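Here's the letter readout for the chains.
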Amino acid sequence: MRRKEQPVIGTGASSVLMIFVVLCLVVFAVLSLSGADADLRFSRQFAERTTAFYQAENRANDRIKEIDGNLQESYNNREELSFSETIDETGRLDVILQVQDSENGQGLRLQIVKWQSVSEGEWNPDRTLPVMKR
C-alpha cells in the first residue's frame, strides 16, 4: 500500500497568512484615519488663523480709507502715521504710512511704508507626538 503524501503547507498556514493580512490592513486603516484626523485639526487651525489675519487686514484698510478721507485737512507733508490691528491673541498687524505730495502736485497722498504681521509673545512649539492616546 502506498502512502499519500501530505502537502507541505496545510490549511492552518493559509489561515495564519490570511489573519496576518487582515491584521495589517486594519493597522494601516487605523493609521490612515489618525493621520486624516490630524490633518483635519491642522486645517481648521490654519483656516481660523487665516480668517483672523484677513479680518485684521480689512480693518487696517478701513482705517487707511478713513485717514485718506481726512488727509488734506488733518495731516502735513512728510508726516508719518502708524497703527496696529490685532490679529488674534498671538499676533498683530503693524502699519506705517507716510504722507507725501501727490505726483500731479495737487494735494497729498499716502504711501505704505510698512505692512507687517508681528508675532506677540514667546513661541512654544508643540513637541508632542500623539501616536497612542491613553
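Predicted model, so just to flag it, every value in this text is computed and none were measured.

Criteria and thresholds
- Residues numbered from 1 in each chain as written.
- Predicted model: local features only at pLDDT ≥ 70, side-chain atom pairs only at ≥ 80, totals over all residues.
- Heavy atoms only, no water.
- Helix = DSSP H or I, 4+ residues; strand = E, 2+ residues; numbered from the N terminus.
- Buried < 20%, exposed > 50% of the residue type's maximum accessible area, 1.4 Å probe, protein only.
- Contact = heavy atoms within 4.5 Å.
- Areas by Shrake-Rupley, 256 points an atom, 1.4 Å probe, with all protein chains shown as cover.
- Pairing = 2+ DSSP bridges.
- Salt bridge = Lys/Arg side-chain N within 4 Å of Asp/Glu carboxyl O.
- Axes fitted to C-alpha atoms, helices over the stretch in contact; angles between N-to-C directions.

Description of the overall build of the protein
Alright, step 1. Within the protein, the secondary structure is distributed over two helices and three strands.
Alright, step 2. Listed N to C, the secondary structure of the protein is α-α-β-β-β in terms of helices and strands.
Alright, step 3. Residue burial in the protein is summarised as follows: out of 134 residues, 18% are buried.
Alright, step 4. At a minimum sequence separation of 6, the contacts of the protein that also span at least 24 residues come to 44%.
Alright, step 5. As displayed, the protein offers around 11600 Å² of accessible surface, 54% of which is attributable to carbon and sulfur atoms.

Focus on the pairing of strand β1 (residues 80-88)
Alright, step 1. Bridge analysis of β1 against strand β2 (residues 91-101) gives eight bridges, and the strand direction is antiparallel. Note that in β2 the partner of Ser84 across the bridge is Asp94.
Alright, step 2. Hairpin remark: β1 followed by β2, antiparallel, with two residues in the connecting loop.

Details of the pattern of salt bridges
Alright, step 1. For the coordinates displayed, the defined rule picks out six salt bridges.
Alright, step 2. Where Glu85 meets Arg59, a salt bridge forms, and the shortest distance between an N and an O atom there is 3.1 Å. Residue Glu85 is located in strand β1, and its partner Arg59 is located in helix α1 (residues 11-69); the two are separated by 26 residues in the primary sequence.
Alright, step 3. The partly exposed category is assigned to Arg59, whose relative accessible area is 35%.
Alright, step 4. With a shortest N-O distance of 3.2 Å, Glu120 and Arg92 are connected by a salt bridge.

A closer look at the environment of Gly107
Alright, step 1. Relative to the elements of secondary structure, Gly107 occurs in the loop between β2 and β3 (108-119).
Alright, step 2. Relative accessible area serves as the criterion here: at 27%, Gly107 is assigned to the partly exposed category.
Alright, step 3. The spacing of Gly107 and Glu48 is 59 residues in sequence and 41 Å in space, taken between C-alpha atoms.
Alright, step 4. When near neighbours in sequence (up to four residues on either side) are disregarded, Gly107 contacts Gln72, Gln100, Asp101 and Ser102.

A short note on the pairing of β2
Alright, step 1. Most of β2 is tucked away, with eight of its eleven residues classed as buried.
Alright, step 2. In textbook terms, the turn of a hairpin is the stretch between consecutive antiparallel strands, and for β2 and β3 this stretch comprises six residues, one of which, Gly105, has a positive phi near 80°.

Quick word on the sheet that holds β1
Alright, step 1. Strand order in this open sheet of three strands is β1-β2-β3, and the pairing throughout is antiparallel. Here the strands that pair on one side only, and so sit at the sheet edges, are β1 and β3. Strand-to-strand twist of the sheet, defined as the mean angle between neighbouring strand axes without regard to direction, takes the value 20°.
Alright, step 2. Pairing of β2 with β3 involves eleven bridges; the strand directions are antiparallel. Along β3, the bridge assignment pairs Ile96 with Lys114.

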